[in-house]
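The residues making up each chain are set out below.
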Amino acid sequence: MTLVAGGCFYFFRYGLDNPVAAIYALFTVVALGGLSRIPGTGRQQAAVILRLLPVCWVLVTVGTYLSVRTWSAALGMLVVGFTLAFSAVGGPRPAGAAPGLQLLYMLPSFPPYDPGSLGDRLIGTTTGAVLFVVAEALLFREPAPLSYRERAARAALAAEHWAAGLAVSSCALRDADVQEARAAVQALRPLNVPDAERPAGPGVRDRALAHTGLAIRTLLSRLVQLPAAPGREATPATPAEPGREAAPAVPAAPGREATSGRPAPDVPAGPGRQAEPGVTAVLHAVARLAAATATCLRTGAPPVGEQRALTGARARLSDMSAGPPPTALTPLPPQEEADAPAAPLPPAVLRRHAAVLEIADAALAMGAAADLAVRGRHATVELPVGHFWYARSRAPVLWWHRMHGHAGRRSVFFQNAVRMALALAAARLVAGVDTLPHGFWATLATLTLTRTTLGATWSTIRVALAGTLAGALVSGGILIFVGSGTAVYAVLLPLLMLFSFTVGPVKGMGWAQGLFTVTVALVFAQLAQPTWRLAEVRILDVLVGSAIGAVFGVLAWPRGAHDEMRRAGAELLRRAAEIVVATSASVAGGAASPAPSGVPGRRSLQRAVILAESAYAQLQSEPPPLGGRGRRAGPPPVVDWQATLITGHHALWGSARMLEPPVTELGPAAAESAGTLGERVAGRMLLVSAALDPGEDTPVTSIPLIDPARAAFSAEPPGAPRQYYAAVAWLGSLMTDLTRIAHGDRAPGAGAAAADGR
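Residues numbered from 1 in each chain as written. Predicted model: local features only at pLDDT ≥ 70, side-chain atom pairs only at ≥ 80, totals over all residues. Heavy atoms only, no water.

1. Focus on the packing of helix α2 (residues 19-35) against helix α5 (residues 92-106)
Next, step 1: One can describe the packing of α2 onto α5 by two numbers: an axis separation of 7 Å at closest approach and a directional angle of 160 degrees. It follows from the interaxial angle that α2 and α5 lie roughly antiparallel. Note on packing geometry: the crossing formed by α2 with α5 is right-handed. The segment α2 lies against α5, with Phe27, Thr28, Ala31, Leu32 and Leu35 engaging Pro99, Gly100, Leu101, Leu103 and Leu104.
Next, step 2: In the contact of α2 with α5, the residues fall into 8 nonpolar, 2 polar and no charged. (Axes fitted to C-alpha atoms, helices over the stretch in contact; angles between N-to-C directions. Helix = DSSP H or I, 4+ residues; strand = E, 2+ residues; numbered from the N terminus. Parallel < 35°, antiparallel > 145°, perpendicular 65-115°, else oblique. Left-handed = near helix turned anticlockwise from the far one by under 90°. Contact = heavy atoms within 4.5 Å. Nonpolar A, V, L, I, M, F, W, Y, C, P; charged D, E, K, R; others polar.)

2. Brief notes about the pattern of salt bridges
Next, step 1: Applying the stated criterion to the full structure yields 9 salt bridges.
Next, step 2: Of the charged contacts, one joins Glu150 and Arg154 as a salt bridge, the two residues approaching to 3.0 Å between their closest N and O atoms. Here Glu150 pairs with Arg154, and both are found in helix α7 (residues 148-168), just 4 residues apart, close to one helical turn.
Next, step 3: Given a relative accessible area of 47%, Arg154 falls into the partly exposed group.
Next, step 4: Linking Glu150 and Arg298 is a salt bridge whose minimum nitrogen-to-oxygen distance equals 2.8 Å. With Glu150 in helix α7 and Arg298 in helix α10 (residues 271-299), the pair connects residues that are 148 residues apart, well separated along the chain.
Next, step 5: Arg298 sits in the partly exposed class, given a relative accessible area of 43%.
Next, step 6: Here the salt bridges share partners, and the residues they tie into one network are Glu571, Arg574, Arg575 and Glu578. (Salt bridge = Lys/Arg side-chain N within 4 Å of Asp/Glu carboxyl O. Buried < 20%, exposed > 50% of the residue type's maximum accessible area, 1.4 Å probe, protein only.)

3. Some remarks on unusual backbone geometry
The phi angle of most residues is negative, glycine excepted, and most peptide bonds adopt the trans form.
Next, step 1: Of note, the bond from Pro111 into Pro112 is cis; its omega dihedral lies within 30 degrees of zero at 5 degrees.
Next, step 2: Mapped onto the elements, Pro112 comes out in the loop between α5 and α6 (118-138).
Next, step 3: In the Ramachandran plot, Asp17 falls in the positive-phi region, its phi being about 50 degrees despite a non-glycine side chain.
Next, step 4: Overall, the relative accessible area of 58% leaves Asp17 in the exposed class.

Remember that the coordinates give geometry; whether it matters functionally is a separate question.
Rendered as structure tokens:
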């Protein structure tokens, strides 16, 4: 930054005697390199800035022409401020670039109104941006972090490892293997992924890559939870170690490596033994698809063959699990007749089949999502119905869908955009009406000091004012001592810029504001007759701008994402409860939904998940709120907000799986049990929802949030089909999710951040 900003300033100021281009080149570098927080390496940041160059030209041009009147400049600030702040819905890169782009509108929107200098302004802006891009791309290269695609590929290989081990052994995984699988899941959590690598954009590939990570996490979790075959619980499964001699490999699709394994251990005699080869076939197919998914993410080769093989294996196991046909009107082919169990399968086998089919569903979603993430709208893998609504949509439609989903007062992106736009417009209006000297600095102070919570804003303002006061005293002393010695300022400026750009971001807001005060004093001392009153004006502007930021921090959602996370989490659970009741009733009645996206309440739950995810993302960057919970005294409960999001996803996709045709009609006892369990889970969801976001008159209940009566989930109604056990497994996993949300008491010594679920 020092090299480019200083070089551009001196080139235009002293080489070409063009002070307008000099100031715009300098502030363009400050805006894009200092004020913006674009995530990623230097090359990644350079690519983003290069794509934003036309936006910079538009902002400088619009700001130049709207500066003709105070009201037009303030109105433009309102529109531009909201638009740029709301662009954060597009992911971390637009969010990081927004503050710097705000500065590029603010600078020309202040007097003097001089459209004739627009050419010089654009030349300075372009030169500063282009040279900064070159410097970022070529100087001080940083090692690229592990991409999300590579993380997903490694997790897929881990899933292949465990699936292959489970396929050759009918036992559950060992404790050590479970810990390794959970570590692979943790590597895909957003909190463990750098901002620049998170697939958070609205496009097809970003959405599909995020869906790939979610599907792989689900697959690994399902593999860990797979129950052992009846009679095999005592001996844990051991995945094949690299380099160990293995049994003959399972045949793979052409072009793929075969999955190694060992002879499957004996399963006790009975109907379950006849059905176990179907389970083994599905797990082998899952292992091959997981390996093909990793290959797809790394090389782009679509896993078409493996996807079809797993689809077929899943269909055969599903038919086998459904039992013999009710009539013998249609004879089965010899192979299927040999594989079909001769007697109804015992409940333990049906539970295992339901778990294996969930594993297959997660693997199919993983393979389809990976191909979609790599090839976009040209993906060749057949997509599961209703799972990838965005697969064939174009970018403008997806952007509109993302913005429409956040265009409401319950979205933290919308709240932040409104807060920032109103504060910047007010600062521009005050600076123009009161003819505030160097009013640009007041608006800049509002931009840099306004935070998403009142507590964070006030804390930042106090430190910034102290730093500005110290910087004003130093710059005032320099201006008085040096006087009109421009050469001294020219020598001191690059040294001070280097110190400011390296120490300021490390030491915090106070140091940054103080050093920036001295820096701008030395800059303007080379553009006009220097006077010590410049430091006085700087203090006044920062005071006005910070006061405006504090006022709007009080008026517009002062608690930021903390309260919004509680509201969004509670709303998410309420919508999930509706889905659970409707789905369990449909399963009990034997009703199917041919289009999962058309399930009543599904769109409402999808929107609730989106709003809760955005609130959770902002919560990670906010300090604890002032004054505790605000509505009720006492320490806040320990809440795992990520478990709340997982519950929403689990309810959303699980309901779609339960209602996919064909749906077997349940007997009276099984139907009553499924309906009762669904109502019980929904009731617990509503209890947890009320605890997360209690109203003013919400009664305090002594009913525990965690259901103590889990025995009902082990019931085995006579003649219950696999559909019943699949529904029970889904409801039981939702109940487990609820136990993760609502912990009992706070852990000793847990801080406020832990209480907020971070």
